[in-house]
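Understanding the architecture of this molecule
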Amino acid sequence: PMQVDDLFRFKRVADPQISPDGTRVAYQVTTVDLDANKSSTAIWVAAVDRKTPPKPLTSPTGKSDKHPRWSPDGKTILFESNRSGSSQLWVIDLDGGEARQLTDIGTGANNAVWSPDGKRIAFVSAVYPEFSELPFAESDKKNKEKDEAIEKSPVKAKTFTKLFFRHWDEYVGDKRQHLFVVEYKEPFGLAVAGVPHDCTPGDRDAYPTSTTFSSGEDFCFSPDSKHLVFTAVPEKDEAWSTNYDICRVAVDNKSPKWECLTKDNPAADSGPRFSPDGKKLAWRSQKKAGYEADRWNLLVADAKPDGTFAGKPANVTEKDGVDLSAGEFCWFGNDVLVFAADFQGGNVIMRAAADGEAVIPVRAGGLVSSLSAAGPLPQSLVYAESRIDRPNEVFVTDRLSKELPRNISNINDEVLGSFARVRPESVKVPVEGKVEMQMWILKPPGFDETKKWPVVYLIHGGPQGAWEDGWSYRWNPQLWAAQGYVVVLPNPRGSTGFGQKFTDEIAGDWGGKCYRDLVAGLDYVEKLPYADKDRIGSAGASFGGYMQNWLAVNDIAKRVKCLISHCSVWN
């Protein structure tokens, strides 16, 4: 059975990106050195056809190389690294050789993307807005000086004069995330970047401050490579507004006023992505203003080369009988969108025609992220996928076929082979409102149905979230089961992936239907012949922690021997 320290033996795979010709995939792999209390993240490359084994392209000991992005010609990979002391942009050729540093900006550079013509690179950097309209050399100098003064000051108190000042476990602070553009050239075969230019000056973030409103890729160049189209936070009332917008600026823009492409929608819009031929723009969109857990749809509009609309947006995912909220997505050719969505305690990959004709499931199961497609038609689709019994690996499927996807990274096979792992069982519990609550049940390795086993009842956070058939390095159900517990993962009212109505029914009712669903789940567990009802404990974080507090002051507390409340909400 797996022990806690075994979690650090796994190599952590993320952010796979397929090459423009569809033959190779670049992705990041993090290795943990538990004794040294350090981790290293390297860029790896794997062949789509698996005829050659995956290999590391970089090997930074104790440093982090991540976010690989292919140049349009497929010869160079752009990535971000802290190997020079702060997060900066680097490039490395696929043919080998040493990585070369492109940027040296005092506030760091992250999440970079190429322009379609390969002549520019855009990236994110958090800067003090009061300096953002100055020439780069002057603004960078003032940003450094202010950071150094704050670091050296013996006073560590923070002063806030407006909301939004804190998000989850981080202070927002006085900086704003801006988009920068640099010219990229290769004179005499050497990669050189020009002077960075802040394209989004002013006291506003040009990049999501919350992952709730991130679509994985949150900005891009227009097809003509002369403009940026991006997800901007609300211009005002950010603390209580969800009105994220798709905005547009020229790469040489100097104005704090940005053109808004989605001004007619008072709810959230995010994640613009142009079709490969540049003739269409797709993004995620919500309808209900002020409600961060509203259903996400995919909208598509005909686009001009400069990124502006050439026609009215059309909703391509809101179809009869399809009640799914679109997560990360990518273009599959010029006429099809592929997206991931929570579904029945897992993920489903769907395809939607850009003309709005059909929404069709491609495959279901696991927890999917970082969808990427490229190559000659019919293309290959690449993504990261995990399950409750294994961490992320890189998978590829051709032509969106119904054949089983291929694991092309296989980096954790040896470690996984040393553990007794268990697959979860999915059960459904009748709850009020004539609906059912889905629960995952994991039995411990070496399970004997004739014995009585202690139970751990885990409650997820969110509250609009779900226990899914996926791996976690924080709350890992497989690890709990390995300690000899029957692990139960209920998805009560408010959980995602069971229809928008089911998700909505927790709003303003945290201790109501959701609580009664959880009681019904516990009733089900106590009747299991192998469950020891005198040894049931419950644990949860965030909203799951809130529910621990709620359980403690309600009748259910008499039936549970231990409550673990982690980073909970309190009144």
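Everything discussed here concerns the structure shown above.
Let me begin by describing the structure that accompanies this report. (Residues numbered from 1 in each chain as written. Predicted model: local features only at pLDDT ≥ 70, side-chain atom pairs only at ≥ 80, totals over all residues. Heavy atoms only, no water.)

**Some words on the packing of aromatic side chains**
Per the counting criterion, the structure on display carries 21 aromatic pairs. A centroid spacing of 5.9 Å and a plane angle of 50° characterise the contact between F10 and F419, whose relative ring orientation is tilted. Taken as a pair, F10 in the segment before β1 (12-18) and F419 in the loop between α2 (413-416) and β32 (425-431) lie far apart in primary sequence, 409 residues in all. Side by side, F10 and F419 carry an identical accessibility label, which is buried. A ring pair is formed by W510 and F543, whose centres lie 5.0 Å apart and whose planes are at 85°; its orientation type is edge-to-face. Residue W510 is located in the loop between α4 (500-504) and α5 (513-526), and its partner F543 is located in helix α6 (residues 543-552); the two are separated by 33 residues in the primary sequence. Note on F543: relative accessible area 3%, which makes it buried. An aromatic cluster of three or more residues is present, and its members are F10, F419, W471 and Y473. Here the guanidinium or amino end of R273 rests over the ring plane of F329, the centre of that ring lying 6.0 Å away. (Phe/Tyr/Trp six-rings, centres within 6.5 Å; stacked < 30°, edge-to-face > 60°. Helix = DSSP H or I, 4+ residues; strand = E, 2+ residues; numbered from the N terminus. Buried < 20%, exposed > 50% of the residue type's maximum accessible area, 1.4 Å probe, protein only. Lys NZ or Arg CZ within 6 Å of the ring centre and 35° of its normal.)

**Some thoughts on the pairing of strand β25 (residues 336-343)**
Along β25, six of the eight residues are buried, which leaves the element largely enclosed by surrounding structure. As judged from the four bridges shared by strand β24 (residues 329-332) and β25, these two strands associate in the antiparallel manner. Across the sheet, the residue bridging to C330 is V338, located in β25. A loop of three residues connects β24 with β25, the two strands running antiparallel in sequence, and G333 in this loop sits at a positive phi of about 75°. Connecting β25 to the next strand, strand β26 (residues 346-353), in antiparallel fashion are two residues, including Q344 with a positive phi near 55°. (Pairing = 2+ DSSP bridges.)

That is the geometry; function is a separate question.
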